[in-house]
Amino acid sequence: MRNLLVAIVVSVASFSVLAEEPSGTPTVKELDATVKSLKVKPELKRYFGEAKGFAVFPRVGRGAFAIGGAFGEGGVYKAGKLVARTTLTQVTIGLGAGGEQYTEVIFFKDKAAYEQFEQGKIEMEAHATAVAASTGVGGAAAYNNGVAIFTFTKAGLMADASIGGQKFTFDKLKK
């Protein structure tokens, strides 16, 4: 029990060290600026061109010491317009230590994948990353069940080989 408590404290401390940017709900301006910066990345051009929608999380904070967690807030875009707010919550277990802050974008290949996200049915993923400072190799690439996930490290020091899940909320914007 004591080791679990130490792991949680280390994870929380890792998050606070990474708080370089303002926390809280990203503004529409911040969401749009993040999307604009992602659209120029060569590895994402195809996805922005073909996806039926996407979710973007400008700042996700993550920490781990065997047991890990992450949280971020973002927006959901469909047909180029912000249509919803979303949150990402992640819990992992495995070989992991450190903390990081990253940007995540999730592409929905088709209407079915978008609707699954909207209904909260996209939840689980296996996770393996190696991150050092502001560069890293994050899991992603091909669509899996209509979803492609890309992460881009902003700061941190993390070594991780874990399994866990990400859960999302979907709060449609009022017109």
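Below: a short report on this structure. (Residues numbered from 1 in each chain as written. Predicted model: local features only at pLDDT ≥ 70, side-chain atom pairs only at ≥ 80, totals over all residues. Heavy atoms only, no water.)

## Points about a nonpolar patch on the surface
The test is simple: Nonpolar side chains (Val, Leu, Ile, Met, Phe, Trp, Tyr) are joined into patches within 5 Å and like charges within 9 Å, using only residues with over 30% relative accessible area and no salt bridge. In short, Shrake-Rupley with a 1.4 Å probe defines the accessible areas, and a residue's cover is counted only from the protein chains shown. For this document, the term salt bridge refers to a Lys or Arg side-chain nitrogen within 4 Å of an Asp or Glu carboxyl oxygen. Numbering of helices and strands runs from the N terminus; a helix is a DSSP stretch of H or I covering at least four residues, while a strand is a stretch of E covering at least two.
A contiguous nonpolar patch, built from Ile67, Ile93 and Ile163 and spanning about 280 Å² of accessible area, is present on the exposed surface. Here Ile93 lies in strand E2 (residues 81–108).

## A look at the packing of helix H2 (residues 28–39) against helix H3 (residues 42–50)
Put simply, the rule reads: Axis definition: a line fitted to C-alpha atoms, limited for helices to the stretch in contact. Angles are taken between N-to-C directions and run from 0 to 180 degrees. Should an angle fall under 35 degrees it is taken as roughly parallel, and over 145 as roughly antiparallel, whereas 65 to 115 is taken as roughly perpendicular and any remaining angle as oblique. Pairs of residues are marked as contacts when any of their non-hydrogen atoms sit within 4.5 Å. Any residue outside Ala, Val, Leu, Ile, Met, Phe, Trp, Tyr, Cys, Pro, Asp, Glu, Lys and Arg is labelled polar, Gly included; the first ten of those are nonpolar and the last four are charged.
Interaxial distance between H2 and H3 falls to 8 Å at its minimum, and their mutual angle equals 115 degrees. By the angle class used here, H2 and H3 are roughly perpendicular. Each of Val35, Leu38 and Lys39 in H2 lies in contact with H3, whose residues at this interface are Leu44, Lys45 and Phe48. Looking at the contact of H2 with H3, its residues break down into 4 nonpolar, no polar and 2 charged.

## Section: H2
Just so we agree on the cut-off: Between the first and last residue of a helix there are one fewer steps than residues, each counted as 1.5 Å, and that sum is the expected span. Burial classes follow relative accessibility: with a 1.4 Å probe on protein chains only, a residue under 20% of its type's maximum area counts as buried, one over 50% as exposed, and anything between as partly exposed. When we speak of the arc, we mean the arc of directions from the helix axis to the C-beta atoms.
Between the first and last C-alpha of H2 there are 16 Å, a value that for 12 residues agrees with the 16 Å anticipated at 1.5 Å per step. For H2, the set of buried residues is Leu31, Thr34, Val35 and Leu38. Down the axis of H2, the buried set is contained in an arc of 100 degrees. They therefore lie on one face. Those residues of H2 that are exposed and aimed more than 90 degrees away from the buried face are Lys29 and Lys36. Where the residues of H2 are buried, they touch H3, strand E1 (53–78), E2 and strand E5 (147–172).

## Some thoughts on the nonpolar core
The cut-off we apply is this: The set of buried Ala, Val, Leu, Ile, Met, Phe, Trp, Tyr and Cys residues whose side-chain atoms join them within 4.5 Å is what this entry labels a nonpolar core.
One finds Ile106, Phe108 and Phe117 to be the most contacted residues of the largest nonpolar core, which totals 18 residues. Of all the secondary-structure elements, those providing two or more residues to this core are E1, E2, helix H4 (111–118) and E5. In contact with Ile106, not counting residues within four places along its chain, are Gly53, Phe54, Ala55, Phe57, Phe117, Val147, Ala148, Ile149 and Phe168.

## Some points on unusual backbone geometry
For Ala66, which is not glycine, the phi torsion reads 75 degrees and is therefore positive. On the secondary structure map, Ala66 appears in strand E1. The exposure class assigned to Ala66 is partly exposed, which follows from its relative accessible area of 37%.

## Some thoughts on the pairing of E1
Stated formally: Strands were regarded as paired on the criterion that DSSP finds at least two bridges between them.
Burial of E1 is extensive: 20 of the 26 residues sit out of reach of the surface. Sheet analysis places E1 next to E2, joined by 23 bridges and oriented antiparallel. For Gly68, the partnering residue across the bridge sits in E2 and is Thr92. Remark: 2 residues form the turn of the hairpin made by E1 and E2, two consecutive strands paired antiparallel; Ala79 in that turn has positive phi of roughly 55 degrees.

Remember that the coordinates give geometry; whether it matters functionally is a separate question.
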